[in-house]
Amino acid sequence: MTRNPSTTRPPLRGAALACALVAGCGLAPVALALAPRPGEPVAVLTLFPDAPVPKAVAASGASILWLSTGGHVAVVDASRRDAAADLRRAGALLVLAAGPLGTCLPGFRLPSNRTGTSPS
């Protein structure tokens, strides 16, 4: 008995489709959570030794709230609406929301300046 080659699928094709579906559905919430929001601090990452974060931040005009030892990761005040775009144009590799990443950065704590009524 022989199989018709047009009706059989290679076993890796199904696995690749499943992996693509899982990755697509799993990465979308992560991308939304790490997308910078206007007026909130952003985490900036550069990997190239000739373009560390302080140079990119200086070129964009934003102020540094926290800087890593090597100068390749920083949390920047992005109170201007186009601050993330300015940082990308200045050479920043990644510009992410600093809120979810704040617990991963040693010594950095976002100020808790929440507004609204208290539950009392």
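Residues numbered from 1 in each chain as written. Predicted model: local features only at pLDDT ≥ 70, side-chain atom pairs only at ≥ 80, totals over all residues. Heavy atoms only, no water.

Undergrad: Mind laying out the overall build of the chain, listing which residues take part and the relevant values?
TA: Of regular secondary structure, the chain possesses 4 helices and 4 strands. Secondary structure elements of the chain occur, N-terminal to C-terminal, as α-β-α-β-β-α-β-α. Residues classed as buried in the chain amount to 24% of the 120 residues present. The contacts of the chain with a sequence gap of at least 6 include a subset with a gap of at least 24, amounting to 62%. Only carbon and sulfur atoms are counted for the fraction: they give 63% of the accessible area of the chain, which is about 8,500 Å². (Helix = DSSP H or I, 4+ residues; strand = E, 2+ residues; numbered from the N terminus. Buried < 20%, exposed > 50% of the residue type's maximum accessible area, 1.4 Å probe, protein only. Contact = heavy atoms within 4.5 Å. Areas by Shrake-Rupley, 256 points an atom, 1.4 Å probe, with all protein chains shown as cover.)

Undergrad: Explain the sheet that holds strand S2 (residues 63-67) to me, and be specific about the residues and the numbers.
TA: The strand order across the open sheet formed by 4 strands is S2-S3-S1-S4, and the pairing between neighbours is antiparallel. If you trace the sheet from one side to the other, it starts and ends with S2 and strand S4 (94-97), each paired once. Neighbouring strand axes in the sheet, compared pairwise and without regard to direction, differ in orientation by 30° on average. Along the sheet face, helix H2 (residues 53-60) touches strand S1 (42-45), S2 and strand S3 (73-77) and points at about 160° away from the line of S2. (Pairing = 2+ DSSP bridges. Axes fitted to C-alpha atoms, helices over the stretch in contact; angles between N-to-C directions.)

Undergrad: Provide a residue-level description of the confidence of the model for the chain, including the pertinent values.
TA: Residues of the chain with pLDDT of at least 70 account for 78%, and the chain-wide mean is 75. Throughout residues 114-120 the model reports pLDDT below 50, and contacts reaching past four residues in sequence, or to other chains, amount to 0 contacts. (pLDDT = per-residue confidence, 0-100.)

Undergrad: Can you break down H2 residue by residue, with the values?
TA: Because each turn of an α-helix spans 3.6 residues, side chains separated by three or four positions end up pointing in the same direction. Taken residue by residue, H2 has Val53, Ala56, Val57 and Ser60 as its buried positions. Viewed end-on, H2 has its buried residues packed into an arc of 95°, placing them on one side of the element. Exposed residues pointing more than 90 degrees away from the buried face of H2 are listed as Lys55, Ala58 and Ala59. Next to the buried residues of H2 lie S1, S2, S3 and helix H3 (83-89). Trailing H2 by a residue or two, Gly61 shows a phi angle of about 90°, which is positive. (Arc of directions from axis to C-beta.)

Undergrad: Which residues make up the side chain of Asp86, and what values go with them?
TA: Mapped onto the fold, Asp86 is located in helix H3. There is a polar contact of 2.4 Å between the side chain of Asp86 and the side chain of Arg89. The contact partners of Asp86, leaving out residues within four places of it in the chain, are Ser60 and Arg80. (Polar contact = N/O pair within 3.5 Å; in protein donor to acceptor, adjacent residues only side chain to side chain.)

Undergrad: Before we move on, can you summarise the nonpolar core with the specific residues and values?
TA: Where a protein is soluble and globular, its nonpolar side chains tend to be buried together. Val42, Val44, Val57, Val76, Leu87 and Val95 are the most contacted members of the largest nonpolar core, which has 13 residues in total. Elements with a minimum of two residues in this core: S1, H2, S3 and H3. If sequence neighbours within four positions are ignored, Val44 has contacts with Val53, His72, Val73, Ala74, Val76, Leu87, Ala92 and Leu94. Of all hydrophobic cores here, the second largest spans 5 residues; its members include Val75, Ala98, Leu105 and Phe108. (Core = buried A, V, L, I, M, F, W, Y, C linked by side-chain atoms within 4.5 Å.)

Undergrad: Please provide a residue-by-residue account of a nonpolar patch on the surface, values included.
TA: A contiguous nonpolar patch, built from Leu47, Leu93 and Leu94 and spanning about 270 Å² of accessible area, is present on the exposed surface. Among the secondary structure elements, Leu94 is positioned in strand S4. (Patch = residues over 30% accessible without salt bridge, like charges linked within 9 Å, V, L, I, M, F, W, Y side chains within 5 Å. Salt bridge = Lys/Arg side-chain N within 4 Å of Asp/Glu carboxyl O.)

Undergrad: Residues and numbers for the environment of Arg37, please.
TA: Relative to the helices and strands, Arg37 is located in the loop between helix H1 (11-34) and S1. With relative accessibility at 38%, the residue Arg37 sits in the partly exposed group. Residues Arg37 and Arg81, 44 residues apart in the sequence, show an inter-C-alpha distance of 8.6 Å. Once residues within four sequence positions are removed from consideration, Arg37 is found in contact with Leu32 and Ala97. In terms of polar contacts, Arg37 uses its side chain to reach the backbone carbonyl oxygen of Ala35, at 3.1 Å.

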